[in-house]
Amino acid sequence: MSKTFEIAVFAGDGIGPEITDPTVKILRAMSDASNEYSLNFQDLPAGAAHYAATGESLPKDSMDAARQADAILLSAMGLPDVRYADGTEISPQIDLRKELTLFAGVRPVTVREGQRGPLSLPKGKEIDFVLIRESTEGLFYSQGCGEITNDEARETLLITRDISEKLFKFAFELAGNRKKAGRGPGRVTCVDKANVFRAFAFFRELFDQEALRNPDLVADHAYVDATALWMVQKPWDFDVLVTENMFGDILSDLGAGLMGGLGLAPSADIGLEHAVFQPCHGSAPDIAGHGLANPFAMILSAAMMLDWLGIKHSNEALVADGNRLREAVERVVARGKTLTRDLGGTSGTDDAAAAVQALVAMETV
Ligand code: ATP
């Protein structure tokens, strides 16, 4: 029997609504064509423009609805001129992450043959790895609470057993699922600085314990500095990388750089129950309202959502549709005819998204 999944949608600020509309349109068409699942979308207000209008950046009703939903699809939030009274940025996506304990920041890095990027790939090699950034503690634990005196400043890095165990379990499961899908050898690399910091030795020890529970998968370690070097020299060798919050923050931008920019970089923030799917880029206010924004990172994030829902609910049709959607974007990018300006093309948002929708529709049986 077809199951209905409730999707909470935050169209957000800046280019947010422009990339959300065509993404939801594609998802609706896939849902309408499926006998195995259906998606029901609920638009929820939040963000900087909403704060400017109402004094609330993430209304309680929106938070409650997001918590009730099966998955959360979010575009981008924040505007440079709209700030809280203390001068900090409006970022309800961070509130969602904390409130729903979304500890695994999943950042896939893919570069297919024909895709433009800063590296020239050796013949027959493609880049297809996933960086998992712990997203609730690490060096971000003391965000906003660092101590500063006249002579020194201190921040505290926190690694807990509880979150690390959940994080590593998630990483090995992901590597297992990728292996099953033929997308990787089933290898998880713990990225740390265990040679210098005791906290990272603890992190690594917990990783090794989870590795023992997964004898069918390969586990290894790498120092974060060497990882940065290898991400440039041989990124095709990676499968699943798992790391602390600040290291992950830095390496995920390097990953987006490998893909040729933010316009193709999707992401997910995942916890035990809830997950938010959103592009890595921000609200791009400089191009908002002109129909120029690249919708691909948003569409790829939606593909990750279908995949996650499918695995969580053992619904193969959702997993298959997630793959179909991702592959459609990859083919449109490789073909190079309907690209937005950030990727060197001349198409607008709607034409680029329509090209993806047409490919998906063609393949619908
Ligand atoms: P944030 O702090 O929220 O990440 P930011 O201002 O640092 O925001 P973005 O909003 O991602 O970063 O914008 C950075 C640059 O990338 C801008 O020039 C923007 O126009 C461009 N950009 C971001 N997303 C897209 C997109 N989807 N399509 C085209 N250009 C984009």
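Since we're looking at a predicted model, the values are computed, not measured.

A. Spatial organisation of the overall build of the chain. A tally of helices and strands in the chain yields 11 helices and 12 strands. In terms of overall dimensions, the chain is globule-like: its C-alpha atoms have a radius of gyration of 20 Å, near the 21 Å expected for 365 residues. Expressed as lengths along the three principal axes of its C-alpha atoms, the size of the chain is roughly 55 × 50 × 45 Å. In the chain, which comprises 365 residues, the proportion classed as buried is 50%. In the chain, the share of contacts with a sequence separation of at least 24, taken over all contacts with a separation of at least 6, comes to 74%. Side chains of the chain carry 35 positive and 52 negative charges; the gap between the two charge centres is 6 Å.

B. The arrangement of the pairing of strand β1 (residues 3-10) in detail. Where β1 meets strand β2 (residues 37-43), 7 bridges bridge the pair, whose relative direction is parallel. Note that in β2 the partner of I7 across the bridge is F41. Crossover handedness for the path β1 to helix α1 (residues 16-33) to β2: right-handed. Two strands pair when backbone bridges link them, and β1 and strand β3 (residues 71-74) are joined in this way by 4 bridges, in the parallel orientation. Residue pairing across strands places F10 opposite L74, the latter belonging to β3.

C. A look at the side chain of D269. On the secondary structure map, D269 appears in strand β11 (residues 268-270). Overall, D269 belongs to the buried group, its relative accessible area being 2%.

D. Geometry of the pattern of salt bridges. If you walk through the whole model with that rule in mind, you get 22 salt bridges. Here D269 ties to R107 by a salt bridge, and the two come within 3.7 Å at their closest N and O atoms. Of this pair, D269 sits in strand β11 while R107 sits in strand β4 (residues 104-111), placing them 162 residues apart in sequence. For the residue pair D269 and R107, the accessibility class agrees, reading buried in each case. With a shortest N-O distance of 3.3 Å, R161 and E165 are connected by a salt bridge. Of the two residues, R161 and E165 both sit in helix α5 (residues 161-180), 4 residues apart, roughly one turn of that helix. Relative accessible area serves as the criterion here: at 40%, R161 is assigned to the partly exposed category. Within this structure, R112, E126, D128, R178, R183, D239, R326, E327 and E330 form a network of salt bridges that share partners.

E. View of the packing of aromatic side chains. Counted according to the given criterion, the structure contains 9 aromatic pairs. Consider the rings of F197 and F200, whose centres lie 6.3 Å apart with planes at 65°: the pair is edge-to-face. F200 gets classed as buried once you look at its relative accessible area, which sits at 3%. Relative to W308, the ring of F277 lies with its centre 5.7 Å away and its plane at 55°, an arrangement referred to as tilted. Linking F277 in strand β12 (residues 275-277) with W308 in helix α9 (residues 296-312), this pair joins segments that are 31 residues apart in sequence. In this structure an aromatic cluster arises from ring pairing among F168, F172, F197, F200, F203, F207 and F247. Here the guanidinium or amino end of K3 rests over the ring plane of F5, the centre of that ring lying 4.9 Å away. The ring of F140 has R133 lying over it, and the distance from NZ or CZ to the ring centre is 5.0 Å.

F. Structural context of the site of the ligand. All residues in the neighbourhood of the ligand are listed as I15, L262, H281, G282, S283, A284, D286, I287, A293, N294 and D342. A distance of 3.3 Å separates an oxygen atom of the ligand from a polar backbone atom of S283. Considered on its own, the ligand offers 610 Å² of accessible surface; in the complex 59% of this is hidden by protein. When the residues that make up the shell around the ligand are grouped by side-chain class, the tally is 5 nonpolar, 4 polar and 2 charged.

Scoring rules and cut-offs
- Residues numbered from 1 in each chain as written.
- Predicted model: local features only at pLDDT ≥ 70, side-chain atom pairs only at ≥ 80, totals over all residues.
- Heavy atoms only, no water.
- Helix = DSSP H or I, 4+ residues; strand = E, 2+ residues; numbered from the N terminus.
- Rg over C-alpha atoms; globule rule 2.2 N^0.38 Å.
- Buried < 20%, exposed > 50% of the residue type's maximum accessible area, 1.4 Å probe, protein only.
- Contact = heavy atoms within 4.5 Å.
- Lys, Arg positive; Asp, Glu negative; His and termini not counted.
- Charge placed at Lys NZ, Arg CZ, Asp CG, Glu CD.
- Pairing = 2+ DSSP bridges.
- Right-handed = clockwise from strand over helix to strand, strands pointing away.
- Salt bridge = Lys/Arg side-chain N within 4 Å of Asp/Glu carboxyl O.
- Phe/Tyr/Trp six-rings, centres within 6.5 Å; stacked < 30°, edge-to-face > 60°.
- Lys NZ or Arg CZ within 6 Å of the ring centre and 35° of its normal.
- Near = heavy atom within 4 Å.
- Polar contact = N/O pair within 3.5 Å; in protein donor to acceptor, adjacent residues only side chain to side chain.
- Areas by Shrake-Rupley, 256 points an atom, 1.4 Å probe, with all protein chains shown as cover.
- Nonpolar A, V, L, I, M, F, W, Y, C, P; charged D, E, K, R; others polar.

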